Amino acid sequence: LIVSLDGPARLRFFRRLSEIHATAKLERFWNDALRTLFPNAGSVAACGELLPVISEAAPTETLRCLQRIIEPLSVDERSVLQSEAQRCLRDTLRSLLFFERTSTGAIRLLLLLAEGESEDWAGDSSNLFIACFSPLQPQVAAGLDERLAILREILDSGSGKQKLLA
């Protein structure tokens, strides 16, 4: 069903679904939909407009999907992501910062995107990652202790570029 809908119809369908109260069946639906629509990093550019809508309705499932897509990529593979896919991933991770249950995972994925990023402008993943550690940052649901733990983890075992970002 999802694949047969054109872009605008699919977006309307997901917006309507996002209004339904979460249930176990709906959670399974979101997991299946995310696996179908976003099997790999290359698919993000094609259907990226759906990710922000889905992330608001199913933040935990969206985070798991992004972990499945981003974590296996090498730095080189992350550096050659299409700019549209990078923007979509970054914007979706920005929205996941608002949720307590997804905030720390989103910060960790932002670090991976920032490490492979080639763009150099104010909205890039590097700047967003750095902004997450401002003590008064209202967009980040993760507490200061959780953010400090992430910084310590990076300084203990991160790559050279990750340490520079931290």
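Up top you'll find the structure we're talking about.
Below, the structure is looked at part by part. Small disclaimer: the values here were computed from a predicted structure and weren't measured.

Focus: the nonpolar core
Point 1. In this structure, Phe14, Phe38, Ile70, Leu93 and Ile107 are the most contacted members of the largest nonpolar core, which totals 49 residues.
Point 2. Here this core gets 8 residues from one element, more than from any other, and that element is helix H8 (residues 103–116).
Point 3. Apart from residues lying up to four places away in sequence, Ile70 is in contact with Arg78, Leu89, Leu93, Leu109, Leu112 and Leu113.

Digging into the pattern of salt bridges
Point 1. Tallying each qualifying case throughout the model produces 7 salt bridges.
Point 2. The salt bridge involving Glu153 is made with Arg108; its shortest N-O contact spans 2.9 Å. Of the two residues, Glu153 is situated in helix H10 (residues 144–157) and Arg108 in helix H8; the sequence distance between them amounts to 45 residues.
Point 3. Overall, the relative accessible area of 33% leaves Arg108 in the partly exposed class.

Here we look at the packing of aromatic side chains
Each aromatic ring pair is described using two quantities: the centre-to-centre distance and the angle formed by the ring planes.
Point 1. Counted by the stated rule, this structure contains 6 aromatic pairs.
Point 2. With 5.5 Å between their ring centres and 65 degrees between their planes, Phe29 and Trp30 make a pair best called edge-to-face.
Point 3. Taking relative accessible area as the criterion, Trp30 reaches 3% and is therefore assigned buried.
Point 4. Centre to centre, the rings of Phe129 and Phe133 are 5.0 Å apart; their planes meet at 65 degrees, and the pair counts as edge-to-face.

Re the packing of helix H5 (residues 59–70) against H8
Point 1. Where H5 meets H8, the axes come as close as 11 Å, and the angle between the chain directions of the two elements is 25 degrees. Our classification of the angle between H5 and H8 gives roughly parallel. Crossing handedness for the pair H5 and H8: left-handed. Residue-level contacts link Leu63, Leu66, Gln67 and Ile70 of H5 to Gly105, Ala106, Leu109, Leu112 and Leu113 of H8.

Rules used throughout
Residues numbered from 1 in each chain as written. Predicted model: local features only at pLDDT ≥ 70, side-chain atom pairs only at ≥ 80, totals over all residues. Heavy atoms only, no water. Core = buried A, V, L, I, M, F, W, Y, C linked by side-chain atoms within 4.5 Å. Buried < 20%, exposed > 50% of the residue type's maximum accessible area, 1.4 Å probe, protein only. Helix = DSSP H or I, 4+ residues; strand = E, 2+ residues; numbered from the N terminus. Contact = heavy atoms within 4.5 Å. Salt bridge = Lys/Arg side-chain N within 4 Å of Asp/Glu carboxyl O. Phe/Tyr/Trp six-rings, centres within 6.5 Å; stacked < 30°, edge-to-face > 60°. Axes fitted to C-alpha atoms, helices over the stretch in contact; angles between N-to-C directions. Parallel < 35°, antiparallel > 145°, perpendicular 65-115°, else oblique. Left-handed = near helix turned anticlockwise from the far one by under 90°.

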